[in-house]
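# A closer look at the structure
Listed here are the chains, written in short residue letters.
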Amino acid sequence: MKNSNKKKLRQSPFRILKNNLRMVFKVARLTPDYFISMIFEGIVWGFINAAYSVFTVKLFDALDMGKPFSECAVIIGCMAAFYLFAYGVDAWYWHYYNPLVKQKLHLRLHRELFEKAHGLDVACYDDPEFYNDFVWAMDESATRAAEIIGDIGKLINRIVAGSTLFALIFTIDYKVSVVLIVNAVLYIFINQFANKISFEQEKEMKPLYRKRNYINRIYHLQDHAKELRISHAHDLLMDEMDDNTDKMVACARKYGKKYFLLYGIFNSVLGNVIYFGVMIYMFTRLVDGAVLVGAFTASTGMIWQVRWLLSDFVERITKFPKHSLFLEKYYGFLNFESRTVSGSESAPAFETLELKNVSFKYDFSANPRYEYHAADHTEKKNESEGTYALKNVSMKLNKGEKIAIVGYNGAGKTTLIKLILRLYDPTEGEVLMNGVDVKDFKLEEYRGRIGSVFQDFKIYAASLAENVMNGRYTDADRITVEKALEASGFGEKLSALENGISTTLTREFDDKGTNLSGGEAQKVAIARVFARPYDLIIMDEPSSALDPIAEYELNRAIADYAADKTVIFISHRLSTTRMADRIYMFANGTLEEFGSHEELMAKGGKYAEMFEMQAEKYRI
Ligand SMILES: Nc1ncnc2c1ncn2[C@@H]1O[C@H](COP(=O)(O)OP(=O)(O)O)[C@@H](O)[C@H]1O
Ligand SMILES: [Mg+2]
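From a predicted model like this one, the values you see are computed outputs, not experimental measurements.

Glancing now at helix α7 (residues 174-220). Approximately 35° is the largest bend angle found in α7, and it occurs at M205, with the proline P207 only one to four residues beyond. Capping the start of α7 is the job of one residue whose side-chain oxygen sits 2.9 Å from the backbone nitrogen of K175: D173.

So this is what it looks like as structure tokens:
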């Protein structure tokens, strides 16, 4: 493992160049204005930076040669006008123009990432390694791209300014220019080393930062506010935080020592020895009368400036291997091929749905094409061998039927739904719609035929109407939304809302927003399946947060609304499922038995046992 990590850190110059150039081309394509202006800025400011020294040498020359004051004043005047103009343009560029184009780049890069994330296998989110890289790509891509282009602009600037000044120094004393080159080479090595340290540090810190963010989130989000106050989780979290902080401090100490040795001792000693060495040398030449005071003053000033330009140049150029490592992760993410690929056939109107010998494992090695972690996945593969969430399930559902799936927690009910929705594909066996493997259908079209509400539904920080439409809302949808909310039992609450369906849900962005109760939120989620003309409706424990009356009403609403629709209803409360045409009883990932309520009761199997147990509880 260690070896392979080291191998990943070592990159050939070609690889570094290739990775960075790819990003440069990408930025040039996405935001040509940003790219061109940055290059232009680099060149122009290169000359502006060098201009100061050129003016000074000219001024000293004029003084040395005993030119009249008026001539010197003209040089100073030119210098002032030049800088006034240059700073004006600079302020406009950096404070007005650059932030605008940067935003544009940010938006375009993120759009691409979000599109990619949208098409990702849900399985990717189960894989912490993948998730880490994903978060990293999201966090960093835009700033990193801007940084790369910024660095290139600055590199051009340093080259233009540096070589102009270097040429000036060369004409004064070529030996000094040789010393500067040696200095630059040494600095390249120092920086190369610093970048390695910094990348390793970042890698070590990343999971620690994630943990810190997680704890932060727990304290600032509303989700945990109640439980945090009435449980002992606070103490546990504080322990975790202390532990995490200790690790961060240890990490900072470990790398801080390395940085100090490198910069504080090696670099600063080296830099000063060279600078003062050159100064003493030039001074001896001045005493010898080989150079004039003007040339001495200007050149020592320039040495300082060139040294700074060189070190900055080197610092920036040695950032490119680091950029390259990041970019490989980024491209790895963008090139990741989802397993859940869309088919090419149009999804027809629903007639039948059939599961044929379906088995399924949650297998994190589901990402073999994600090269970066290939080694880790082979290890995990062995661990997860043999844990089936569903085993050899076969069932068939016809248009218009209402079926129920029942079973204890962890029986595999939700997993079954995920397979039907193609959030995952079966490990073995197939899911067929109208006799055709659902993998053959266009994914969006196929999913678009199915309306589903999950146990862990989510409410968006958006208007109630947008939440019900589960997307964009226009005034033409008003009746639909209101009817759907009425059907899901939200009607009473709706009439109490001042802004009706325009009410913003959650208070995340709106002080006047509404926070719904668990049951109310569930009703909004249920309304979603009523708001669009789905062929098949799937409800995964939709009444878990509802009170018995609301549950009864919901069942009636489903019966009314979905009289001619096909419905899969999941529940572990058997009283709500007894009216179904067929009931499928699951236990430990296998289909135990199925039939109507009466048939299953008469059979006296697992279903009858579970039903009796629940009935007993209700009687008490
Ligand atoms: N994302 C996941 N990764 C790994 N295992 C999972 C995941 N989701 C569910 N499981 C496991 O699959 C089994 C079935 O889960 P699920 O279908 O959610 O059960 P049910 O809905 O019947 O309560 C459980 O053992 C659960 O731990
Ligand atoms: Mg479930």
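As a further point, take the pairing of strand β4 (residues 428-433). As defined by bridge partners, strand β1 (residues 352-361) adjoins β4 across five bridges and the pair is classed as antiparallel. Across the sheet, residue S359 finds its bridge partner in β4, namely E428. Both β4 and strand β5 (residues 436-437) contribute to a ladder of two bridges, which runs antiparallel. The residue of β5 that forms the bridge with L432 is D437.

Applying the stated criterion across every chain yields a total of 20 aromatic pairs. Their ring planes at 85° and their centres at 5.6 Å tell us that W45 and Y87 sit as a pair that is edge-to-face. Residue W45 is located in helix α3 (residues 32-64), and its partner Y87 is located in helix α4 (residues 69-118); the two are separated by 42 residues in the primary sequence. Accessibility expressed as a relative area gives 10% for W45, which makes it buried. By relative accessible area, which is 49% here, Y87 ends up partly exposed. Look at Y83 and Y87: their rings are 6.0 Å apart centre to centre, the planes differ by 35°, and that puts the pair in the tilted class. In this pair, Y83 and Y87 both sit in helix α4, four residues apart, roughly one turn of the helix. Ring-pair connections join several aromatic residues into one group, and the members of that group are W45, F55, F82, Y83 and Y87.

Tracing the backbone through its elements, the reader meets T340 in the loop between α11 (320-335) and β1. On the accessibility criterion, T340 (9% relative accessible area) is buried.

Moving on: the site of ligand 1. In the region of ligand 1, 13 residues are neighbours, and G410, G412, K413, T414 and T415 sit closest. Residue A411 places a main-chain N or O atom 3.1 Å away from an oxygen atom belonging to ligand 1. Between ligand 1 and the protein, one listed contact pairs an oxygen atom with a backbone N or O atom of G412 at 3.0 Å. Isolated, ligand 1 exposes 560 Å² of accessible area, and the fraction of that covered by the protein chains is 63%.

Quick look at the sheet that holds strand β9 (residues 582-587) now. A sheet is described by the order of its strands in space; here six strands give the open sequence β6-β7-β8-β3-β9-β10, paired in mixed fashion. Two strands bound the open sheet, and with one partner strand each, they are β6 (450-453) and β10 (590-595). For this sheet, the mean angle separating the axes of adjacent strands, direction not counted, is 15°. Summarising the sheet, strand β3 (residues 402-406) and β9 pair through four bridges and their orientation is parallel. When the sheet's bridge partners are listed, A404 is paired in β9 with I583. Helix α18 (residues 518-531) rests against β6 and β7 (536-540) of the sheet, and its axis sits at about 175° to β6.

Conventions adopted
Residues numbered from 1 in each chain as written. Chains lettered and ligands numbered in written order. Predicted model: local features only at pLDDT ≥ 70, side-chain atom pairs only at ≥ 80, totals over all residues. Heavy atoms only, no water. Bend = angle between axes of the 7 residues up to and from the residue. Helix = DSSP H or I, 4+ residues; strand = E, 2+ residues; numbered from the N terminus. Polar contact = N/O pair within 3.5 Å; in protein donor to acceptor, adjacent residues only side chain to side chain. Pairing = 2+ DSSP bridges. Phe/Tyr/Trp six-rings, centres within 6.5 Å; stacked < 30°, edge-to-face > 60°. Buried < 20%, exposed > 50% of the residue type's maximum accessible area, 1.4 Å probe, protein only. Near = heavy atom within 4 Å. Areas by Shrake-Rupley, 256 points an atom, 1.4 Å probe, with all protein chains shown as cover. Axes fitted to C-alpha atoms, helices over the stretch in contact; angles between N-to-C directions. Contact = heavy atoms within 4.5 Å.

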